[in-house]
Amino acid sequence: MAPPRTLFDKIWASHVIAPQGEGTYLIYIDLHLIHEVTTPQAFEGLKLAGRKVHRPDATMAVADHNIPTTNRKAGAAGITEPDSKLQVDTLERNVKEFGVPYFPIDSIDQGIVHVIGPEQGLSQPGMTIVCGDSHTATHGAMGALAFGIGTSEVEHVLATQTLIQAPAKNMLIKVDGSLGTGVSPKDVILAIIAKIGTAGGTGHVFEYAGSTFRDMSMEGRMTVCNMSIEAGARAGLVAPDDKTFAYMMGRPYAPKGAAWEQALAYWKTLPSDPGVKYDKEAHLDAKDIAPHVTWGTNPEQAAPITGRVPDPAQVDDPLKRAFMERALQYMQLQPNTRLTDVPVQRVFIGSCTNSRIEDLRAAAAIAKGRKVADGVVALVVPGSGHVKHQAEEEGLDRIFLEAGFEWRDAGCSMCMSMNDDKAMNGERVATTSNRNFEGRQGKNAKSHLMGPAMAAAAAVTGRLADVRDFG
Amino acid sequence: MEKFTELTGVAAPLPIINLDTDKIFPAIYLKTIKRTGLSQWLFQEIRFRPDGSENPDFVLNQAPYRQAKILIGADNFGCGSSREHAPWALLDFGIRCVIAPSFADIFYNNCFKNGILPIKLPKEICDELMEDAKKGANAVMTIDLESQTVSRPDGEKVHFELDAFRKRCLLNGIDDIGLTEQKGADIGNYEEKARLGRPWLFGMTQKQA
């Protein structure tokens, strides 16, 4: 009998074209998502070598990283920042020249690349999916092997639909039990990263398993998988189940009719076999997970909101201590400060981590009937045109606007602040994005990562707050 | 891609764990559509002061290290964003080799695509190399890829491991895409089989229902 295999092993095996020798393999890529920031140099490379895009029918383009979140009806012509416009114009010229399908920025289908993949039914179980962006792991929530690549690899995939890769190891992340009131999927992944560390998954692919993930919505699974890279894992997967299939059904690019039945039968073979061994494991109990916020400049520097800023003096390793000291100096935080005593000047609800309808509902539930605190600027940036539309159908935009939040068009926005959405003068930000690195949200910006309801709670109190205190 | 055979140069110490690619190359400069000339933004936030002048405390602004060809880093070097602008900027500055106890996967991969050799060595050895690198003009090391050795300033040779495929590509300056195109028949065969087994994946992005 064949030895039991993991979900990752199965997807990997079905995509190996040929051994490359010496431990590396040529693997096939089913879906290539491209955006404006990491592709100009790749298309330039293709042109210089006279190469074509091998499979435009397995490629989808969208601009998201570097576009304004206002005045989008004007399309690319409405972008005023010259470098951003050049990048979007370059993408539009390239997709036209190479025949690649594209969602224009004034289309309702446009959105953050990792939001629209699942939303459109492009990201499907059992696929290999790549994108020149490290948060490609998001699509792992569909049961796909999805990972970020550099621009040279983008060019390689465009030219050949393949990549040269060494197989990853398997790491099981098992969380069981029900999440407490006010505890969101974001808290689950922040707790995981805090436990295993920012390099805890290097060289591995995560499989998130256990009742907590089984009970989690597809949107929640996307939030979790999204941040796999913040623990060092290039990819993170959840086994496809009935929830996955129900989510997929009827989406624009999902298979239909007989093809659906054929696909469904295949997808059902994908979950890891019983008794399979993982190279590494981490276990958490859902009941131990509280709402988290980060206090430092790396996603592993997170703590329950009821906690305090840690003291570097307690750390023995000199490099780790130096890293923590530098983080606290940058964040302008004193050891032992109560996290709920930390004020914020700006709030960002959005990004490929937390900009889906469920995230906006959670934030709106806190914002409803309340006001953004004096001196706080708060942005809500939906993940896609469709998310925005649905939120407006549900009246969420009214709730946000009445509470004093800004309601924007879809894009990456303040997750990396390539556009005009950024923290000014070193402001402190409560953010639902994925990275609290130095300068990520603006010069000297001090970022605190958290879930969407927590960010809304910070907006209305003007400081980091425990969402469980809001009735 | 330029071949990598032997490299002799000054090694600069950069003892910062979790050095992320935002720190190596801030997002705001990702607006470029070029892959050359990027060293002007390398380590922007720590290399320059707010008024644009050089920060004299930063190692690459100090005399012997301005010509550094090698970086000695710490754990989880290059974590975070997949931006290849990070290795492009390092290369443009003149860095051809980074030595650290561990690297983030995507950065590690991206280095090889640009003729930069990332070397993993045990932490104790990296600690010694870090001390070597603090010797200023005397922090000269030689990397010999063929024999997989780092020669320390005192002449002692340290062996490092590297997978054979990547070694061969670097030694010969092989263009990955050209190599893969030689497997065109294998790719064609795979696609034919996949088209039978998983037909819904073909024509997918062009056949919106």
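Residues numbered from 1 in each chain as written. Chains lettered and ligands numbered in written order. Predicted model: local features only at pLDDT ≥ 70, side-chain atom pairs only at ≥ 80, totals over all residues. Heavy atoms only, no water.

## With respect to the overall build of chain A
For step 1, the next point in the chain: Across its full length, chain A carries 15 helices and 19 strands.
For step 2, the next point in the chain: Its C-alpha atoms give chain A a radius of gyration of 21 Å, near enough to 23 Å, the size a compact globule of 471 residues would have.
For step 3, the next point in the chain: The principal-axis extents of the C-alpha atoms in chain A amount to approximately 55 × 55 × 45 Å.
For step 4, the next point in the chain: A total of 471 residues make up chain A; the buried ones form 67% of that total.
For step 5, the next point in the chain: When contacts within chain A are restricted to residue pairs at least 6 apart in sequence, long-range pairs at least 24 apart make up 76% of them.
For step 6, the next point in the chain: Surface summary for chain A: the accessible area is close to 15,300 Å², and the carbon and sulfur share equals 51%.
For step 7, the next point in the chain: Side-chain charges in chain A split into 47 positive and 54 negative, and the spacing between the mean points of these groups amounts to 1 Å. (Helix = DSSP H or I, 4+ residues; strand = E, 2+ residues; numbered from the N terminus. Rg over C-alpha atoms; globule rule 2.2 N^0.38 Å. Buried < 20%, exposed > 50% of the residue type's maximum accessible area, 1.4 Å probe, protein only. Contact = heavy atoms within 4.5 Å. Areas by Shrake-Rupley, 256 points an atom, 1.4 Å probe, with all protein chains shown as cover. Lys, Arg positive; Asp, Glu negative; His and termini not counted. Charge placed at Lys NZ, Arg CZ, Asp CG, Glu CD.)

## Structural notes on the nonpolar core
For step 1, the next point in the chain: Formed by 106 residues in total, the largest nonpolar core has its most connected members in Ile192, Tyr208 and Trp267 of chain A.
For step 2, the next point in the chain: Counting residues per element, this core draws most heavily on helix H6 (residues 185-196) of chain A, which supplies 7 residues.
For step 3, the next point in the chain: Here Trp267 of chain A is in contact with Gln124, Pro125, Pro240, Phe245, Met248, Pro255 and Trp260 of chain A together with Trp200 of chain B, once residues within four sequence places are set aside.
For step 4, the next point in the chain: Within the second largest apolar cluster, 59 residues are counted, among which are Phe4, Phe25, Leu30 and Phe107 of chain B. (Core = buried A, V, L, I, M, F, W, Y, C linked by side-chain atoms within 4.5 Å.)

## Quick notes on the pattern of salt bridges
For step 1, the next point in the chain: Summed over all chains, the structure comprises 40 salt bridges over all chains.
For step 2, the next point in the chain: With a shortest N-O distance of 2.9 Å, Asp285 of chain A and Lys287 of chain A are connected by a salt bridge.
For step 3, the next point in the chain: A residue is classified by how much of its surface remains accessible, and Asp285 of chain A, at 31% relative accessible area, is partly exposed.
For step 4, the next point in the chain: Taking the shortest distance from any N to any O, the salt bridge between Glu438 of chain A and Lys23 of chain B comes out at 3.5 Å. Placement of the pair is Glu438 of chain A in the loop between strand S18 (428-431) and strand S19 (446-449) and Lys23 of chain B in helix H1 (residues 21-24), with the two residues belonging to separate chains.
For step 5, the next point in the chain: A residue is classified by how much of its surface remains accessible, and Lys23 of chain B, at 9% relative accessible area, is buried. (Salt bridge = Lys/Arg side-chain N within 4 Å of Asp/Glu carboxyl O.)

## Notes on the packing of H6 of chain A against helix H8 (residues 218-226) of chain A
Residues and elements named next belong to chain A.
For step 1, the next point in the chain: Running from N to C, H6 and H8 point in directions that differ by 25°, and their axes come no closer than 8 Å. The angle between the axes of H6 and H8 places the two elements in the roughly parallel class. Seen along the crossing, H6 lies across H8 with a hand that is right-handed. Residues Pro185, Lys186 and Ile189 of H6 form the contact with H8, whose own contacting residues are Gly220, Thr223 and Val224. (Axes fitted to C-alpha atoms, helices over the stretch in contact; angles between N-to-C directions. Parallel < 35°, antiparallel > 145°, perpendicular 65-115°, else oblique. Left-handed = near helix turned anticlockwise from the far one by under 90°.)

## A closer look at the environment of Arg83 of chain B
For step 1, the next point in the chain: In this structure, Arg83 of chain B sits in the loop between strand S2 (70-72) and helix H3 (85-93).
For step 2, the next point in the chain: For Arg83 of chain B, a relative accessible area of 2% corresponds to the buried category.
For step 3, the next point in the chain: For Arg83 of chain B and Arg96 of chain B, which are 13 residues apart along the polypeptide, the C-alpha to C-alpha distance reads 18 Å.
For step 4, the next point in the chain: Apart from the residues lying within four places of it in its own chain, the contact partners of Arg83 of chain B are Met416 and Arg440 of chain A together with Thr21, Asp22, Phe25, Pro26, Ala27, Leu30 and Asn110 of chain B.

## Observations regarding the interface of chain A and chain B
For step 1, the next point in the chain: The interface of chain A with chain B comprises 87 residues on the first partner and 61 residues on the second.
For step 2, the next point in the chain: Summed over the shared surface of chain A and chain B, the number is 10 salt bridges.
For step 3, the next point in the chain: For Arg198 of chain B, the salt bridge goes to Asp30 of chain A, with nearest N and O atoms at 3.8 Å.
For step 4, the next point in the chain: For the side of chain A that touches chain B, the element with the most residues is helix H5 (residues 151-160) of chain A, which contributes 7 residues.
For step 5, the next point in the chain: Of the residues in the side of chain A that touches chain B, the class split is 34 nonpolar, 33 polar and 20 charged. (Nonpolar A, V, L, I, M, F, W, Y, C, P; charged D, E, K, R; others polar.)

## Let's talk about the confidence of the model for chain B
For step 1, the next point in the chain: In this model, chain B carries an average pLDDT of 96, and 99% of its residues clear a pLDDT of 70 or more.
For step 2, the next point in the chain: Scored as a whole, the predicted complex attains pTM 0.97, and scored at its interfaces, ipTM 0.95. (pLDDT = per-residue confidence, 0-100.)

## Comments concerning helix H5 (residues 123-133) of chain B
One turn of the α-helix equals 3.6 residues, which is why residues spaced by three or four share an orientation.
For step 1, the next point in the chain: All of the buried residues along H5 of chain B are Cys126, Leu129, Met130, Asp132 and Ala133 of chain B. End-on, the buried residues of H5 of chain B take up no more than an arc of 155°, which puts them together on one face. (Arc of directions from axis to C-beta.)

## Description of the side chain of Glu155 of chain A
For step 1, the next point in the chain: Position of Glu155 of chain A relative to the elements: it lies in helix H5.
For step 2, the next point in the chain: Taking relative accessible area as the criterion, Glu155 of chain A reaches 10% and is therefore assigned buried.
For step 3, the next point in the chain: When residues no more than four places from it in sequence are discounted, the contact partners of Glu155 of chain A are Gln41, Ala42, Gly45 and Leu46 of chain A together with Arg35 and Ile177 of chain B.

## Some remarks on the environment of Asp374 of chain A
For step 1, the next point in the chain: Relative to the assigned elements, Asp374 of chain A resides in the loop between helix H12 (357-367) and strand S16 (377-380).
For step 2, the next point in the chain: Separated by 29 residues in the primary sequence, Asp374 of chain A and Gln345 of chain A place their C-alpha atoms 9.0 Å from one another.

## A word on the packing of aromatic side chains
For step 1, the next point in the chain: Taken as a whole, this structure holds 21 aromatic pairs over all chains when the rule is applied.
For step 2, the next point in the chain: Among the aromatic residues, ring-to-ring pairing joins Phe77, Phe103, Phe107, Tyr108 and Phe112 of chain B into one connected group.
For step 3, the next point in the chain: Arg251 of chain A extends its terminal NZ or CZ atom over the ring of Tyr247 of chain A, reaching a point 3.7 Å from the ring centre.
For step 4, the next point in the chain: In this arrangement the basic side chain of Lys120 of chain B is found over the ring face of Tyr108 of chain B, its NZ or CZ atom lying 4.4 Å from the centre. (Phe/Tyr/Trp six-rings, centres within 6.5 Å; stacked < 30°, edge-to-face > 60°. Lys NZ or Arg CZ within 6 Å of the ring centre and 35° of its normal.)

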